[in-house]
Amino acid sequence: LAKSGRRVVVLEAHTVCGGCAHAFSRRAPEGGEYHFDSGPSIITDMGPRNPLRQVLDYVDASSAIDWIHYDGWGMLTPEGPWKFNLGPNHFRNEILPRYGVSPTEFDEVVKACAPLAKVGRDIPGLVLRDDDWQLLPLVLKFPGAVIPAVTESPKLNEPFSNVLDQLESEGRLKPNSWLRAWLDALAFSLSGLDCSGTTTAAMAFTM
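Residues numbered from 1 in each chain as written. Predicted model: local features only at pLDDT ≥ 70, side-chain atom pairs only at ≥ 80, totals over all residues. Heavy atoms only, no water.

## Observations concerning the packing of aromatic side chains
And step 1. All told, the structure shown has 10 aromatic pairs when counted by the stated rule.
And step 2. Summarising the aromatic geometry, the rings of Phe84 and Phe91 are spaced 5.4 Å apart at their centres and angled 45° between planes, so their arrangement reads as tilted. Summarising the burial analysis for this pair, Phe84 and Phe91 share the class buried.
And step 3. Three or more aromatic residues link up through ring pairs in this structure, and these residues are Trp73, Trp82, Phe84, Phe91, Tyr99, Phe106, Trp178 and Trp182. (Phe/Tyr/Trp six-rings, centres within 6.5 Å; stacked < 30°, edge-to-face > 60°. Buried < 20%, exposed > 50% of the residue type's maximum accessible area, 1.4 Å probe, protein only.)

## Description of the packing of helix 2 (residues 88-98) against helix 7 (residues 178-191)
And step 1. Packing of helix 2 against helix 7 leaves a shortest axis separation of 11 Å and a crossing angle of 120°. Accordingly, the angle class assigned to the pair helix 2 and helix 7 is oblique. For the pair helix 2 and helix 7, the crossing hand works out as right-handed. Of the residues in helix 7, those in contact with Phe91, Ile95 and Leu96 of helix 2 are Trp178, Leu179 and Trp182.
And step 2. Here the residues of the contact of helix 2 with helix 7 are counted per class, giving 6 nonpolar, no polar and no charged. (Axes fitted to C-alpha atoms, helices over the stretch in contact; angles between N-to-C directions. Helix = DSSP H or I, 4+ residues; strand = E, 2+ residues; numbered from the N terminus. Parallel < 35°, antiparallel > 145°, perpendicular 65-115°, else oblique. Left-handed = near helix turned anticlockwise from the far one by under 90°. Contact = heavy atoms within 4.5 Å. Nonpolar A, V, L, I, M, F, W, Y, C, P; charged D, E, K, R; others polar.)

## Notes on the pairing of strand 1 (residues 23-27)
And step 1. The element strand 1 is barely covered by neighbouring structure, given that only 0 of its 5 residues are classed as buried.
And step 2. Both strand 1 and strand 2 (residues 33-37) contribute to a ladder of 5 bridges, which runs antiparallel. Each bridged residue has a counterpart across the sheet, and for Arg26 the counterpart in strand 2 is Tyr34.
And step 3. Adjacent in sequence and paired antiparallel, strand 1 and strand 2 are bridged by 5 residues, among which Gly31 carries a positive phi angle near 105°. (Pairing = 2+ DSSP bridges.)

## Considerations on the nonpolar core
And step 1. Residues Trp82, Phe91, Phe160, Trp178, Leu179, Trp182 and Leu183 are the most contacted members of the largest nonpolar core, which totals 31 residues.
And step 2. Only strand 3 (72-77), strand 4 (80-85), helix 2, helix 3 (103-122), helix 6 (160-169), helix 7 and helix 8 (200-206) provide two or more residues apiece to this core.
And step 3. If we skip the residues at most four places from it in the chain, Trp178 touches Glu79, Trp82, Phe91, Ile95, Leu96, Tyr99 and Val101. (Core = buried A, V, L, I, M, F, W, Y, C linked by side-chain atoms within 4.5 Å.)

Below is the structure:
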């Protein structure tokens, strides 16, 4: 807004400026110091499709940031620790079988998310607006994406648990499987809530 000539006041509710986009340090009792990143990018990356990255690109701030690339992160589950490596194959082919989950169940979840995620890829979050003219920039700039977006919008705003419930009812996902518990954990990383409180739009975008 400031770049486009508007007067802007930023009010920060957190004790540190930046909200979720900040890091902090803590000293351990034995004297060591640990640095924590609150993680706005650990799940959805900071590539061109990320809405936060689009804002940073627009205000010419991306080049001033030291981007740290990672290949995965550690997971601690009741059954033991393991590393989540980025990319679909390691999780699908090596992690899921350890917990008695067929890789095809994961494929069914990804398949159900694919058309919903496409809506998010085809319409950048930066162009969305919340007023009576919200469809105007979409029709002008992304005419081919508007109809699918309108068609899928009710489902995108529903809890992701609805998608999983449907897969279970169709026999494409086993009820109460470890995969569903893991998806709840993934949802919590995004919104602080499980799949019943996280929108399908957010989960489909991440999947």
